[in-house]
Amino acid sequence: MGRFTTAQQEFARKIIGRITVEGKPILLSDEILAPLFDTALEKVVGGGVRGGKSIELSLEFYLDAWMRRIEGLPPALYWLVGETYGEPTDVEFGYLKEWWYQTGLLKPSKATVSEPLNGEKILRLVDGSQLITKSGSHPEKLRSVAPHKIGVCESGSISDEVRRQLQERALQRRAPRTYSGTMEDDLNKRQWAWFADCKAEWASQMDDECSSYSLPSWANLSEFPGGENDPKIQELKADWFRETGSHYRFLRRVAGEAAGYANQVYEMLDTGPYLRTIDYSQPWYRPVGGIDYGTSAREYDGDHLTVLTAFTCTAADVMVARECIWTDEPNADSWLRLNKQRMSARYGIAPQHWASDPTERWGAASHQATAVSGAADSTQRRINATRDRLATGRL
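Residues numbered from 1 in each chain as written. Predicted model: local features only at pLDDT ≥ 70, side-chain atom pairs only at ≥ 80, totals over all residues. Heavy atoms only, no water.

## With respect to the confidence of the model for the protein chain
Now for step 1: For the protein chain, the mean per-residue pLDDT works out to 85, and 88% of the residues sit at or above 70.
Now for step 2: Confidence drops under pLDDT 50 across residues 296-302; counting only partners more than four residues distant or on other chains, this segment forms 17 contacts. (pLDDT = per-residue confidence, 0-100. Contact = heavy atoms within 4.5 Å.)

## Here's the deal with the pattern of salt bridges
Now for step 1: Tallied over the full model, the rule gives 18 salt bridges.
Now for step 2: The partner of Arg164 in a salt bridge is Glu161, and the shortest N-O contact between them spans 2.9 Å. Here Glu161 and Arg164 lie together in helix H5 (residues 160-170), a separation of three residues that amounts to about one turn.
Now for step 3: With a shortest N-O distance of 3.4 Å, Asp317 and Arg286 are connected by a salt bridge. Here the residue Asp317 occupies a position in the loop between strand S12 (306-313) and strand S13 (319-327), and Arg286 occupies one in strand S11 (residues 285-292), the gap between them amounting to 31 residues. (Salt bridge = Lys/Arg side-chain N within 4 Å of Asp/Glu carboxyl O. Helix = DSSP H or I, 4+ residues; strand = E, 2+ residues; numbered from the N terminus.)

## Focus: the packing of helix H1 (residues 6-16) against helix H3 (residues 53-71)
For any two helices packed against each other, the geometry is given by the interaxial angle and the distance between the axes.
Now for step 1: At a minimum axis distance of 11 Å, the contact between H1 and H3 shows a crossing angle of 115°. Relative to H3, the element H1 lies roughly perpendicular. The hand of the H1/H3 crossing is right-handed. Contacts between H1 and H3 involve Gln8, Phe11, Ala12, Ile15 and Ile16 on the former and, on the latter, Leu59, Tyr62, Leu63, Trp66, Met67, Ile70 and Glu71.
Now for step 2: Among the residues forming the contact of H1 with H3, the class breakdown is 10 nonpolar, one polar and one charged. (Axes fitted to C-alpha atoms, helices over the stretch in contact; angles between N-to-C directions. Parallel < 35°, antiparallel > 145°, perpendicular 65-115°, else oblique. Left-handed = near helix turned anticlockwise from the far one by under 90°. Nonpolar A, V, L, I, M, F, W, Y, C, P; charged D, E, K, R; others polar.)

## Observations regarding the sheet that holds S11
Now for step 1: The mixed open sheet is built from five strands, whose spatial order is S13-S12-S11-S14-S15. A single partner strand is all that each edge strand has here, and the edge strands are S13 and strand S15 (370-371).
Now for step 2: As paired elements, S12 and S13 share eight bridges and run antiparallel to each other. Across the sheet, the residue bridging to Thr309 is Cys324, located in S13.
Now for step 3: Here helix H10 (residues 333-347) sits on the sheet and contacts S11, S12, S13 and strand S14 (354-356); the angle it forms with S13, its principal contact strand, is near 155°. (Pairing = 2+ DSSP bridges.)

## Here we look at unusual backbone geometry
Now for step 1: Unusually for a residue other than glycine, Arg174 sits at a positive phi of about 50°.
Now for step 2: With respect to the secondary-structure elements, Arg174 resides in the loop between H5 and strand S9 (177-182).

## Notes on the packing of aromatic side chains
Now for step 1: Throughout the structure, instances matching the rule amount to seven aromatic pairs.
Now for step 2: Grouped by ring-pair contacts, the aromatic residues Tyr62, Tyr95 and Trp99 constitute a single cluster.
Now for step 3: For Lys149, the ring lying beneath its charged end belongs to Phe61, and the centroid distance is 5.6 Å.
Now for step 4: Over the ring of Trp240 we find Arg249, and its NZ or CZ is 5.3 Å from the ring centre. (Phe/Tyr/Trp six-rings, centres within 6.5 Å; stacked < 30°, edge-to-face > 60°. Lys NZ or Arg CZ within 6 Å of the ring centre and 35° of its normal.)

Here you go:
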């Protein structure tokens, strides 16, 4: 696994000592230095909230510009990529503008800084190097001149297709890519599975090609001077465990780990302790089916799977998931219709005993199903009912 040389690390610490964040020097924790000094071609840095992931990613570009200058290398082209223009890359862009001002690599003038309200922002350094923000929502702009280094902000919001395009653009110069972001658990925030998958997979096979790091919230010593044992960290850990009965949210949102199931619908429901085999020789009653239609699949090309599940029940009121199938086809109507007919015939599920996602109320009739309640507390009630059945051996 490639690392900065001892001399490079000493120079990096010295040049970082010349810059500040909100007037304060940057405190370099071991958790920040580990990915910062790693030279792998592709890196995933999963950060906890307030963990300093924006600082770490920005420092990578800050150091690269200075090292190229010291080594007399030609001007570089840097890309900061977000899901859209603006907010996703604003923090990192702001850090770099300020740091390069502070150290003389950037002159404050309209000719060197371009900051449109909606579009590519540009920093033009004194040696001719440029940093440009890019948008994953405008993939046509990713076909321009090949960059020397790429940083992706809130990477979980970037699609697989955009990541593939970035890999292709990186080929010409073997440009290093760093994918930074939070392991989201918010049901309202879309997150692509590749980010958590690579985070988990690369951690066990780190080499010159790929590496993976967790940047927990307590890596930010300015915010949490006590590190992992800081009272604010421990209080949040206890509060979330009392609220959810699981450390899943803490591990993802604070520890920066790719914990839990990559495609779990409700992180609040941990089925792991309850899963077991079932005796299929006993008689079955009350067959029912569930439909989760992947609305997002039409809009985001496979972001949300379409799922069909068949259940049957024993005389002792034990529900058993007999079959669960899914597809990532963008338009799954034909797939859904054919497989629903097949499963209805196989398990004897009557049309009125199929239920669908509450957000699909408009399409339930066309699927010959009934939309379940979408009331404010209905999700939690379904989670509680499922957890109760699992805990009492009835699912």
